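Architecture and fold: a report
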Amino acid sequence: MALITLRKNLYRLSDFRMHGAALKSQPLNHVHKVVKERLCPWFCSRQPEPFRIRFHHAHCKKFNSKNGNDLHPLSGPVFSQISDWVRLEQNVKNGESQTFYKRLSNLTSSEEVLSFISTMETLPDTMAAGALQRICEVEKKDGDQGLPKEILENSIFQALCFQLEKEPSQLSNTTLVTALQALILLHVDPQSSLLLNLVAECQNRLKKGGLEVPNLCVLGESLIRLHSSGCVTLELIINQLQGEKLETFTPEDIVALYRILQACAEKVDEHQTFLNKINNFSPSIVSNLSPKLISQMLTALVVLDQSQAFPLIIKLGRYVVRHVPYFTNEELRRVLEAFVYFGYHDRFFTKALENRVAAVCLTLDPEVVCGVMEYCGRKRILSKPILNAVAETFVCQSEKFSPSQISALMEPFGKLNYLPPNASALFRKLENVLFTHFDYFPPETLLKLLHSCSLNECHPVNFMAKIFNPFFLQRLQGEESHLDRLSRARLTQLFLTAVLECPFYKGPKLLRKYQVKSFVTPCCSLETPMDSQLYKSVKIGLIDLLGAKLYFAPKVLTPYCYTVDVEIKLDEEGFVLPFTVNEDIHERIALCIDGPKRFCSNSKHLLGKEAIKQRHLRLLGYQVVQIPYYEIGMLKSRRELVEYLQRKLFSQNTVHW
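Residues numbered from 1 in each chain as written. Predicted model: local features only at pLDDT ≥ 70, side-chain atom pairs only at ≥ 80, totals over all residues. Heavy atoms only, no water.

The name an unreviewed UniProt entry gives the protein chain is FAST kinase domains 3, with Macaca fascicularis as the organism. The protein chain has a UniProt comment under Subcellular location (unreviewed entry) that states "Mitochondrion". (UniProt positions renumbered as here; feature names shortened; annotations may be inferred.)

This is the structure:
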């Protein structure tokens, strides 16, 4: 294995400055003394270690620097983009260098890296940059923790930084950008002379057009993490990359290019032509992307709003399936966010997700659990393994979820009209959390949560009095002049639930000004609109069966806020009445013409909002007749359709026509 791993950027031997002469003119103790004098104020070591290494630079005869005293300590979390070292290993031909990188790749701690390089007689600049990168790699395994104090105070580590600060103009392009990236990932102070000198040199070479594609990509990603250059320098990088052939880019370069464009998302319109070119090329490299790179590409596509790149999204979705077991929590969350954003779902991905969630749900981060549930809810995916595992997780670990996360976790149970096997324990736990932390729930979040519980007949009776209380309603309205329509619709349906399904509820009623007249809203309706094509088919059969369109009415708004797809009126003797008649009506038939969007995806299981609608219509006295799309789809002729409707409507032999 070779050493430089962050972006596989030390891959050309010609780019390495391998200088032959060591600083043999300087005694060993002199070198140690000068380094200590320059770096001691910032990297103060209580017990200096023996200093055996001689650092070599082409134009450096002494260890001194005009800006040496400006070097600041390294601190903060380490986040690395380190990848395989294959490219460097294949291109390093010098036997000594190859041995160095191979040995370095086997070291597993910063202490081992520093101890190893202290045994070297000379250390060229490329090896110094490589040593910093290896420190990045081994330190990232501990998560987002800063470098240990003993590493910061280690004289070898200090000298590594000092060597790279000396005359950066003499560094090769790859060594320069590699060192810059490693130091940024090690969270060097952005205002230190070390980083300022390296950034200035990179910008100087960038303006001269002297950086190759891999180096441009590394520099772009480094500046994004540095948060100091804005879009000006990134725009220059993008302009130079536009002139290159995408076929010469590695998969890592393509993802880096997306991330650079993502950092300039406000100028996406200016770059759309270039983006289209990248989107068309990227499917060819998807198979070579790691789980991390796939998640980064999907995130960039979301930020850049590249919905038109659906062939690329589909290709990414297919390859995501094989990586589901290997995504980190954060990577999986980003993948789920992208799939929700683009409206993508795949049964193979769902199956892979089921396997992972069922196996490790108790160890998943709350954000990931909520992301999984949002994916299932948005795409109407009734995945019992996922829902059961999440329910068990909440019962066991409810304390790790915030109020908004609890709402996001529970809402899909209502939307998908599903109760897990441990439903009693689940809702008992939820009730206990609400009793204990009721005031911590934002009003809108609390309303959504309680409304979703009512969809699958888990009525929040103990909290209805608080919800309908004028004080809570005022909090819900906030500083707005009126309450939004969706919130009023949820309140109205909750109140209707209290009246129809909870006759023992004796709390306050919902004031008329907070009620709606229809549950159909332009944005987020509490009813799914009737499938127009399905209705046209049913209408033909009804006309043939009843004799005329006069005997039924479509889209009838009831006094109870629900809209009936088709209403048929009957008199006391069971005869069908014209829909214009409003007297002597003994019974009303409500035909629910249920298209695919009223069911869970690829299922015959009604969604929660359709189940509560049919439940309430029955309680209000309607004879509810369900006409599902999957039954209509099996009919092969008009005659079969009429016979089907006759069986549905007149099965009790009480209706005449």
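Next, the rest of the story.
Points about the environment of Val-335
By the secondary structure assignment, Val-335 is in helix α16 (residues 329-342). For Val-335, a relative accessible area of 0% gives the class buried. Setting aside residues up to four positions removed in sequence, Val-335 forms contacts with Ser-295, Leu-298, Val-320, Phe-327 and Phe-349. (Helix = DSSP H or I, 4+ residues; strand = E, 2+ residues; numbered from the N terminus. Buried < 20%, exposed > 50% of the residue type's maximum accessible area, 1.4 Å probe, protein only. Contact = heavy atoms within 4.5 Å.)

Concerning the packing of aromatic side chains
The tally for this structure, following the rule as stated, stands at 15 aromatic pairs. Ring centres of Phe-339 and Tyr-344 lie 4.8 Å apart, and the angle between their planes is 55 degrees; on these two criteria the pair is classed as tilted. We note that Phe-339, like Tyr-344, is buried. Its end group placed over the ring of Phe-438, Lys-466 keeps NZ or CZ at 4.5 Å from the ring centre. (Phe/Tyr/Trp six-rings, centres within 6.5 Å; stacked < 30°, edge-to-face > 60°. Lys NZ or Arg CZ within 6 Å of the ring centre and 35° of its normal.)

Details of helix α25 (residues 485-501)
Counted at 1.5 Å a residue, the expected span for α25 with its 17 residues is 24 Å, and the 24 Å between its end C-alpha atoms agrees. The element α25 is extensively covered by neighbouring structure, given that 14 of its 17 residues are classed as buried. Measuring from the backbone nitrogen of Leu-486 back to the side-chain oxygen at the start of α25 gives 3.3 Å, which picks out Asp-484 as the cap. (Expected span 1.5 Å × (residues − 1). Polar contact = N/O pair within 3.5 Å; in protein donor to acceptor, adjacent residues only side chain to side chain.)

What about the pattern of salt bridges?
Counted according to the given criterion, the structure contains 17 salt bridges. A salt bridge links Glu-201 to Arg-205; the nearest nitrogen and oxygen atoms lie 2.7 Å apart. Here the residue Glu-201 and the residue Arg-205 both occupy positions in helix α9 (residues 193-207), the gap between them amounting to four residues, near one helical turn. Take Glu-201 and Arg-205: they sit in the same class, and that class is buried. Between Arg-598 and Glu-610 there is a salt bridge, and its shortest N-O distance comes to 3.9 Å. Linking Arg-598 in the loop between β6 (587-594) and α27 (608-619) with Glu-610 in helix α27, this pair joins segments that are twelve residues apart in sequence. Arg-598 gets classed as buried once you look at its relative accessible area, which sits at 2%. Through salt bridges that share partners, Glu-330, Arg-333, Arg-334 and Glu-337 make up one connected network. (Salt bridge = Lys/Arg side-chain N within 4 Å of Asp/Glu carboxyl O.)

Here we look at the nonpolar core
If you look at soluble globular proteins, the nonpolar side chains tend to sit buried side by side. If you look at the biggest cluster of nonpolar residues, it comprises 153 residues, and the most contacted ones within it are Tyr-258 and Met-297. The greatest single-element share of this core, amounting to eight residues, is contributed by helix α8 (residues 173-185). Ignoring sequence-local partners within four residues, the contact set of Tyr-258 consists of Leu-275, Ile-278, Asn-279, Ser-282, Met-297, Ala-300, Leu-301, Leu-304 and Leu-312. Within the second largest apolar cluster, 24 residues are counted, among which are Tyr-535, Ile-632, Tyr-644 and Phe-650. (Core = buried A, V, L, I, M, F, W, Y, C linked by side-chain atoms within 4.5 Å.)

Topic: the pairing of strand β7 (residues 623-628)
Within a regular beta strand, the side chains point alternately toward one face of the sheet and then the other, so they alternate between its two faces. Buried residues dominate β7, accounting for five of its six residues. Pairing between β6 and β7: six bridges, direction parallel. Within β7, the position partnered with Ile-589 by the bridge is Gln-623. As for the winding sense of the linkage, the β-α-β connection from β6 through α27 to β7 is right-handed. (Pairing = 2+ DSSP bridges. Right-handed = clockwise from strand over helix to strand, strands pointing away.)

A word on the confidence of the model for the protein chain
Looking at the protein chain, pLDDT values average 82 and 83% of them are 70 or higher. Here residues 1-93 is a poorly scored stretch, pLDDT under 50, and it has 265 contacts once near neighbours within four places are set aside; other chains count. (pLDDT = per-residue confidence, 0-100.)

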